[in-house]
Amino acid sequence: MTISFKQIEEKLKTEAKRLLESGQASVVLAYGKGYDEKHPMPYVARNPSDVANIVFNEYCNYNMARYLVRYPAGTKIAVAVKAADSRAVIQLIQEEKVKREDLVLLGIPVYGMKNPKTQEIIDGKTTGGLYNPVLYDILLGDEVHGQAIQSPYDVLAAYELMDKEARFAFWKKEFDKCIRCYACRKACPMCYCDPCFIDQNKPKWGDKSPQSHGNLMYHLTRFHHLAGRCIDCGECSRACPVDIPLYLFHKKVAKECEEMFGQAAGMSIEDKPALVNFRVDDSDKILE
Amino acid sequence: MSFEPKILGIACNWCTYTGADLAGTTRLQYPQNLRVVRVMCSSRINPSFIFRAFQLGADGVLIGGCHPGDCHYNTGNLYARRRLAVTKKILEFSGLEPGRFRVEWISASEGNKFAEVVTEFTAQIKSLGPQTKFKISQ
C-alpha cells in the first residue's frame, strides 16, 4: 500500500472548506505552496477561498501544532496533524495551553515523509514509531498498518555505547557548530515560553553569543525543559541550519523519562506531564 | 600541591542545612571542600544552577534534601527527585562523569550522615580529578 498524497490533499481541502464555511473553525492550520515542490510552507487558511492554496506532499514535515499557542484563547482552530503532531497537541492540552473543545484535529495517517535537505525518509528516526495520529476528529484517509514497527529509541544504541570521553567530544563538536539562530526553539511545538530563559538578562543564564559555553548552557537547559514533554517530531534537527542532531539528545531524555516515570509524552489527555507530577513510591534508584 | 576540589553543596533549609549545623555543633570533622548554599527547598533548585556551577568551575555538585515524605512543604522533594534524576541523565549523556553529581537525603538529625557523605563525596571527586569539560576556559 502506498500513500496517495494527492488524495490526502483533496480531503484536506474539502474538510478545510467545510469547517471554514460552517464556522466550526475560524482558522485552518495546514501546508501551503513554497517556492518549489520540495519546500512547502506552513499555511493559515482564514477564508473558504484560501483553501485552494493548501497542498500536501511528502515534504510537509512541519509540526503545525507549533502555531496553536499563537492564537488567543477561545479561537476555534482546525489543525492538520500527523502522528507526532497529534502527540504535540495532546501535550499542549495537558499543559492547558489549548482547550480540546476549541480544536478540530484533521488527522493524517502517513508514512514515507522525506527530509527535503537530504531526501532521506524520516520514519525510523523521528516519528516515534507511529504512523496514525493518536488523537483526531476527522481522519483523512485510512489508518495505515503493516509498516515495520521500529522502536523509536533504536537509533540511540550507537551513542549509548560510546564511552563518556567520546560522547563529550561528539556533543562538543556538534554544539560548537551552533550559530544561535534559535530555529530549534522556533520550530518546537513545546517551546512557547516568553521570554525564553536564554533571553533573560536577570539572571543571565548563559552567554548569548555563539561560543561553546553559552551553546552548551542553552542546549542542555533546553533538553531539560523538554524532558518528559518532547514528542519526538524531530523538527528541531530539521530546522537546524548547521544540522546538529538535536533529536538524538531529546530521544535519550525521552527514553529515560519513559523508563523512570512509566509514561511517554503526549499519549493521553488524562496524563499530567511527568515532571510536574510525582508518585510517592518513585524509587530513589532513579537518582543513581 | 595536591588537588583540592571545589564542591558546590546546595542544601535544603529544613533538613540538610540543619543537619550540617548539627554536624558542626557536634564537632564532627569533614573536608572543607564543600561550599554550601542554602535554599528553602530542594525543589527550588533550578537545573540550570547545576550546569552553571560546572561551567564556573565546580568539580562536583552535592544536593541535599529532606527524606521523601518528610518535606517541610509536603511534596517539594518528590518533584525535586524526578527533576534531578533527569538532570543526572542529561549530564551523563553529555559526557560528564556521573560521579560528579550526587543527590542525598539527609534529615536534620543526621549530622553524622552529613559528615560521612561529604567525606566520601570529596574523596570521590579527588579520585576523578579536576573537572575541565564544562569549565569555561579563561
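Residues numbered from 1 in each chain as written. Chains lettered and ligands numbered in written order. Predicted model: local features only at pLDDT ≥ 70, side-chain atom pairs only at ≥ 80, totals over all residues. Heavy atoms only, no water.

(A) Summary view of the pairing of strand 4 (residues 103-107) of chain A. Residues and elements named next belong to chain A. Counted residue by residue, strand 4 has 5 buried out of 5 residues, so it is predominantly covered. Burial of strand 4 is two-sided: the residues Leu103, Leu105 and Gly107 facing one way and the residues Val104 and Leu106 facing the other way are all buried. In the sheet, strand 3 (residues 77-81) pairs with strand 4 via 5 bridges, with the strands oriented parallel. Note that in strand 4 the partner of Val79 across the bridge is Leu105. Since strand 3 and strand 4 lie parallel, the crossover through helix 2 (residues 83-94) that links them has a hand, and here it is right-handed. Alignment of strand 4 against strand 5 (residues 138-139), held across 2 bridges, turns out to be parallel. Bridging from a neighbouring strand, Leu106 pairs with Ile138 of strand 5. (Buried < 20%, exposed > 50% of the residue type's maximum accessible area, 1.4 Å probe, protein only. Helix = DSSP H or I, 4+ residues; strand = E, 2+ residues; numbered from the N terminus. Pairing = 2+ DSSP bridges. Right-handed = clockwise from strand over helix to strand, strands pointing away.)

(B) How the structure looks around the sheet that holds strand 2 (residues 34-39) of chain B. Residues and elements named next belong to chain B. Strand order in the open sheet formed by 4 strands is 2-1-3-4, with parallel pairing between adjacent strands. Two strands close off the open sheet at either side, each with one partner strand: strand 2 and strand 4 (101-105). Shown here is a sheet whose adjacent strand axes are inclined to one another by a mean of 20°, direction ignored. Two strands pair when backbone bridges link them, and strand 1 (residues 7-12) and strand 3 (residues 60-65) are joined in this way by 5 bridges, in the parallel orientation. The partner of Gly9 across the bridge, within strand 3, is Leu62. Of the strands in this sheet, strand 1, strand 2 and strand 3 touch helix 1 (residues 16-25), which is tilted by about 110° from strand 1. With respect to the sheet, helix 3 (residues 76-93) is in contact with strand 3 and strand 4, its orientation differing from that of strand 4 by roughly 160°. (Axes fitted to C-alpha atoms, helices over the stretch in contact; angles between N-to-C directions. Contact = heavy atoms within 4.5 Å.)

(C) Broad picture of the sheet that holds strand 1 (residues 27-32) of chain A. Residue and element names in this part refer to chain A. One open sheet accounts for 5 strands, arranged 2-1-3-4-5; its pairing is mixed. For this open sheet the edge positions go to strand 2 (41-45) and strand 5, each flanked by a neighbour on one side alone. Against the sheet, helix 2 touches strand 1, strand 3 and strand 4, its axis set at about 140° to strand 3.

(D) Region of interest: the environment of Cys193(A). Inspection of the secondary structure assignment puts Cys193(A) in the loop between helix 6 (183-187) and helix 7 (212-225). When the C-alpha positions of Cys193(A) and Leu103(A) are compared, they lie 21 Å apart, and in sequence the two are 90 residues distant.

(E) Main features of the pattern of salt bridges. Residue and element names in this part refer to chain A. Counting across every chain of the model gives 28 salt bridges over all chains. When the shortest N-O distance is used, the salt bridge between Glu174 and Lys173 registers 3.8 Å. You can call Lys173 exposed: its relative accessible area is 53%. The exposure class of Glu174 is buried, given its relative accessible area of 6%. Each of Glu160, Lys252, Lys255 and Glu256 takes part in salt bridges that share partners, so that together they form one network. (Salt bridge = Lys/Arg side-chain N within 4 Å of Asp/Glu carboxyl O.)

(F) Just the state of the cysteines, in detail. A full pass over the atoms with the stated rule returns 1 disulfide over all chains. Across the disulfide, Cys15(B) is cross-linked to Cys66(B) (sulfur-sulfur distance 2.4 Å). A torsion of 100° about the S-S bond marks the disulfide between Cys15(B) and Cys66(B) as right-handed. Taken together, the residues span a long stretch of sequence, with Cys15(B) in the loop between strand 1 and helix 1 and Cys66(B) in the loop between strand 3 and helix 3 at a distance of 51 residues. Classification of Cys15(B) as buried rests on a relative accessible area of 8%. Not part of a disulfide, Cys60(A) finds its nearest cysteine sulfur in Cys233(A), a span of 15 Å. A relative accessible area of 0% places Cys60(A) in the buried class. Unpaired in this structure, Cys178(A) has its nearest cysteine sulfur neighbour in Cys184(A), at a distance of 6.4 Å. (Disulfide = S-S within 2.5 Å.)

(G) Spatial organisation of the packing of helix 7 of chain A against helix 3 of chain B. For the pair helix 7 of chain A and helix 3 of chain B, interaxial distance at closest approach is 10 Å and the crossing angle is 140°. Considering the angle they form, helix 7 of chain A stands oblique to helix 3 of chain B. Crossing hand, helix 7 of chain A versus helix 3 of chain B: right-handed. Residue-level contacts link Leu220(A), Phe223(A) and His224(A) of helix 7 of chain A to Arg83(B), Val86(B), Thr87(B) and Ile90(B) of helix 3 of chain B. Split into classes, the residues belonging to the contact of helix 7 of chain A with helix 3 of chain B amount to 4 nonpolar, 2 polar and 1 charged. (Parallel < 35°, antiparallel > 145°, perpendicular 65-115°, else oblique. Left-handed = near helix turned anticlockwise from the far one by under 90°. Nonpolar A, V, L, I, M, F, W, Y, C, P; charged D, E, K, R; others polar.)

(H) Just the interface of chain B and chain A, in detail. Contacts between chain B and chain A engage 33 residues on the former and 39 residues on the latter. Regarding the contact of chain B and chain A, the summed buried area is about 3400 Å², with carbon and sulfur atoms giving 69% of it. Summed over the three residues of chain B that lose the most area to chain A, namely Arg81(B), Arg82(B) and Phe93(B), the buried surface amounts to 27% of that side. Here chain B is connected to chain A by 3 salt bridges. The shortest N-O distance in the salt bridge between Arg82(B) and Asp282(A) comes to 2.9 Å. The tally of links from chain B across to chain A stands at 12 residue pairs in polar contact (both at pLDDT 80 or more). (Buried area = accessible area lost by both parts, 1.4 Å probe. Polar contact = N/O pair within 3.5 Å; in protein donor to acceptor, adjacent residues only side chain to side chain.)

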